[in-house]
Amino acid sequence: MWLLGTARANLVFFPQPEDVPGGYVILSHTWLGEYEGKEDTFQKVQKLNEESNAPSLRSKLRSLISPVISKGFLALKNPRDRLTPKVQSFLELAEKHGHEYAWVDTCCINKESSAELSEGINSMFRYYALSAICYVYLSDVEYSDTDSGKMWRAFLNSRWHRRGWTLQELIASRVLVFYSTEWTCLGSKHELADRLEWATGISAVVLRFESPFTDVSIATRISWAAHRETTRPEDAAYSLFGLFGVNMPTLYGEGRHAFCRLLMEISKTSRDPSIFLLGERWDAYGLRHLQSGLQDNPRGQTRPFADLSSIAPYS
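Just so we're clear, the structure is a prediction, and the values are computed from it rather than from any experiment.

1. Quick look at the side chain of T230
By the secondary structure assignment, T230 is in the loop between α10 (218-223) and α11 (235-238). At 2.7 Å, the side chain of T230 and the backbone oxygen of R232 are in polar contact. Of the polar contacts made by the side chain of T230, one reaches the backbone nitrogen of A236; its length is 3.4 Å.

Here is the structure:
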């Protein structure tokens, strides 16, 4: 996995998350909208690192100006300072908290490589589960110490609760802390579990790790994603890999068939019959019938499931 050094946003590779000395922190966020600007990418960070470390630039500066001024100028060329304010602030906060390494999905996966992208997607749940702290940045929640009611309403209605990828980030991370748009701490997952249950429909006992999420029925786990959205229809399935312990190749362009493949993978290792109870309009007596129902489903690609939260675990 690729990580960012929190001090200078330098890219560092580690074969496994367990190999990172001192561990790492991780960012959970919603991506910038179409008119909000561009996210940092792996290629951007790589280029900034190369420019910052260019020996010709350093020698030229040292030969033209005094060592003191040169050192100060080079400090200003910190690649971290040229990232988006969101990632820059995250790295600064992580460094302040004593963490040397951090992971950000936008710029720690080389999305130009289909192999690295597939590996990153299949490993993402594990990345969050093994992180020291997950920092959740809520760009649409303003901190207020004078109108707490307005602040918590904004928290409950944050788009972070409606995005597909943030579901596994919420479930997997053992230590997860929420921050407002000003990077003011709002509280931890454990402290805010009751509010989070209201916002997401996920039981507070699951969020507090008092009961394993794997004890919850397959249908209920799928229902947690029912009202979440993804930009790509395939991501509605890919973002659930970790919730079911599934590893499979990612094939962008397959559309809703990604869900069919996901359900087939789940059925190989699970005896939970709730996988077939995917809404009152479908009579899914078998996986083939279920697959046909999914492919013919006229509803939105990224919201394929009805409310199944009342289904009990299989035993």
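2. Structural notes on the nonpolar core
Membership of the largest hydrophobic core comes to 83 residues, with the highest contact counts inside it found for Y24, F90, W103, I171, F178 and L262. Top element by residues in this core is helix α5 (residues 114-129). It accounts for six residues.

3. A closer look at the sheet that holds strand β1 (residues 2-5)
With mixed pairing, seven strands are arranged side by side in an open sheet as β2-β1-β4-β3-β5-β6-β7. Of all the strands in the sheet, the pair left with one neighbour each is β2 (11-13) and β7 (185-188). For this sheet the average axis-to-axis angle between neighbouring strands, irrespective of direction, equals 30°. Pairing of strand β5 (residues 133-137) with strand β6 (residues 176-179) involves four bridges; the strand directions are parallel. Note on β6: the bridge partner recorded for C134 is L176. Against the sheet, helix α1 (residues 42-52) contacts β1 and β2, and its axis sits at roughly 110° relative to β2.

4. Quick word on the state of the cysteines
Per the counting criterion, the structure on display carries zero disulfides. Summary of cysteine pairing: C108 is not part of a disulfide, and the nearest cysteine sulfur, belonging to C107, is at 4.9 Å. Owing to a relative accessible area of 3%, C108 belongs among the buried residues under this scheme.

5. Looking at the packing of aromatic side chains
Applying the stated rule across the entire model yields 15 aromatic pairs. Relative to Y135, the ring of F90 has its centre 5.5 Å away and its plane inclined at 70°; by these criteria the two rings are edge-to-face. Taken as a pair, F90 in helix α4 (residues 85-96) and Y135 in strand β5 lie far apart in primary sequence, 45 residues in all. Like Y135, F90 is buried. Here the aromatic rings of W152 and F155 are separated by 5.4 Å at their centres, their planes lie at 80°, and the arrangement is edge-to-face. Remark: F155 and W152 occur in helix α6 (residues 148-156); sequence separation between them is three residues, near one turn of the helix. Pair check on accessibility: W152 and F155 agree, each one buried.

6. Regarding the pairing of β5
Burial of β5 is extensive: five of the five residues sit out of reach of the surface. Of the two faces of β5, the one carrying I133, Y135 and Y137 and the one carrying C134 and V136 are both buried. Of the strand pairs in this sheet, strand β3 (residues 25-28) and β5 are connected by four bridges, and their pairing is parallel. The residue bridging I26 from the neighbouring strand is C134, located in β5.

7. Looking at the confidence of the model for the chain
Of the residues in the chain, 78% have a pLDDT of 70 or more, and the chain-wide mean is 84. This model gives residues 69-75 a pLDDT under 50, and the stretch forms eight contacts once residues within four places in sequence are excluded. Considering only residues more than four positions removed or in separate chains, one finds that residues 279-315, a stretch of pLDDT under 50, has 74 contacts.

8. Brief notes about the pairing of β7
Here β6 runs beside β7; their pairing, made up of three bridges, is antiparallel. Across the sheet, residue V177 finds its bridge partner in β7, namely S188. As consecutive antiparallel partners, β6 and β7 are separated by five residues, and within that stretch W183 has a phi angle of approximately 65°, a positive value.

9. With respect to the layout of surface pockets
A volume near 670 Å³ is recorded for the largest pocket. Looking at the largest pocket, it is lined by 26 residues, and the ones nearest its centre are W31, R163, W165, T231 and D235. For the lining of the largest pocket, the secondary-structure elements that each account for two or more residues are β3, α5 and α7 (166-172). By residue number, the principal contributor to the lining of the largest pocket is α5, which donates four residues. Classifying every residue of the lining of the largest pocket by side-chain character gives ten nonpolar, seven polar and nine charged.

10. Here's the deal with the environment of G201
Positionally, G201 belongs in the loop between α8 (193-200) and α9 (204-207). Residue G201 is classed as partly exposed on the basis of its relative accessible area, which comes to 47%. C-alpha of G201 to C-alpha of S223: the two residues are 22 residues apart in sequence and 8.8 Å apart in space.

Criteria and cut-off values
Residues numbered from 1 in each chain as written. Predicted model: local features only at pLDDT ≥ 70, side-chain atom pairs only at ≥ 80, totals over all residues. Heavy atoms only, no water. Helix = DSSP H or I, 4+ residues; strand = E, 2+ residues; numbered from the N terminus. Polar contact = N/O pair within 3.5 Å; in protein donor to acceptor, adjacent residues only side chain to side chain. Core = buried A, V, L, I, M, F, W, Y, C linked by side-chain atoms within 4.5 Å. Buried < 20%, exposed > 50% of the residue type's maximum accessible area, 1.4 Å probe, protein only. Pairing = 2+ DSSP bridges. Axes fitted to C-alpha atoms, helices over the stretch in contact; angles between N-to-C directions. Contact = heavy atoms within 4.5 Å. Disulfide = S-S within 2.5 Å. Phe/Tyr/Trp six-rings, centres within 6.5 Å; stacked < 30°, edge-to-face > 60°. pLDDT = per-residue confidence, 0-100. 1 Å grid on protein atoms, 1.4 Å probe; cavity = no way out; pocket = protein on both sides within 12 Å on 5 of 7 lines; lining within 4 Å. Points joined across faces, edges and corners; volume = space filled by probe spheres on them. Nonpolar A, V, L, I, M, F, W, Y, C, P; charged D, E, K, R; others polar.

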